[in-house]
Amino acid sequence: MPTSQAKVPTDSAPRYAKQLLSHLGHKARVEALDADPDAGRLVFERGTGTVRPAADHLLLVAEAADEDSLRHVEDVLARHLERFGARRELVVTWTAD
């Protein structure tokens, strides 16, 4: 299964994680992650996106059945996070696992 991740530097990772999960949760199912109450997994039609805040960054992980679907999940996560973080100039750069 194709997977990629993005480590987005920010000192406001929990706030952005909550905002991203809440906003996209209107279009996708949100699953809680037991290990971290601020993290979550978004289940889209074409794949999943995991959002996990840390002290100095926000970790995004995209998974899908094929490369086209993976690019779609990456685009949805990146587009929304970059819009929310425009003032702080957040940039999402994906790397393949």
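Residues numbered from 1 in each chain as written. Predicted model: local features only at pLDDT ≥ 70, side-chain atom pairs only at ≥ 80, totals over all residues. Heavy atoms only, no water.

Looking now at the packing of aromatic side chains. For the coordinates displayed, the defined rule picks out 0 aromatic pairs. In this arrangement the basic side chain of Arg15 is found over the ring face of Tyr16, its NZ or CZ atom lying 4.5 Å from the centre. (Phe/Tyr/Trp six-rings, centres within 6.5 Å; stacked < 30°, edge-to-face > 60°. Lys NZ or Arg CZ within 6 Å of the ring centre and 35° of its normal.)

Attention now goes to helix H1 (residues 13-24). Look at H1: 16 Å from first C-alpha to last across 12 residues, which is about the 16 Å you get at 1.5 Å a residue. Regarding H1, the residues found buried are Ala13, Tyr16, Ala17, Leu20, Leu21 and Leu24. Each buried residue of H1 lies within a common arc of 125 degrees when the element is viewed along its axis, so the set occupies one face. (Helix = DSSP H or I, 4+ residues; strand = E, 2+ residues; numbered from the N terminus. Expected span 1.5 Å × (residues − 1). Buried < 20%, exposed > 50% of the residue type's maximum accessible area, 1.4 Å probe, protein only. Arc of directions from axis to C-beta.)

The subject of this paragraph is the pairing of strand E4 (residues 47-53). Where burial is concerned, most of E4 is hidden: 6 out of the 7 residues are buried. As judged from the 5 bridges shared by strand E3 (residues 36-44) and E4, these two strands associate in the antiparallel manner. For Phe44, the partnering residue across the bridge sits in E4 and is Gly47. In sequence, E3 turns back onto E4 through a hairpin of 2 residues. Both E4 and strand E5 (residues 57-63) contribute to a ladder of 6 bridges, which runs antiparallel. Across the sheet, Val51 pairs through a bridge with Leu60, a residue of E5. Hairpin connection of E4 to E5: 3 residues between the antiparallel strands. (Pairing = 2+ DSSP bridges.)

Attention now moves to the pairing of E5. Where a strand is regular, its side chains alternate between the two sheet faces. The element E5 is largely enclosed, with a buried count of 5 among its 7 residues. Where strand E1 (residues 3-9) lies against E5, 7 bridges are found, and the strand directions are antiparallel. Residue pairing across strands places Pro9 opposite His57, the latter belonging to E5.

In short, shape yes, function no, at least from these values alone.
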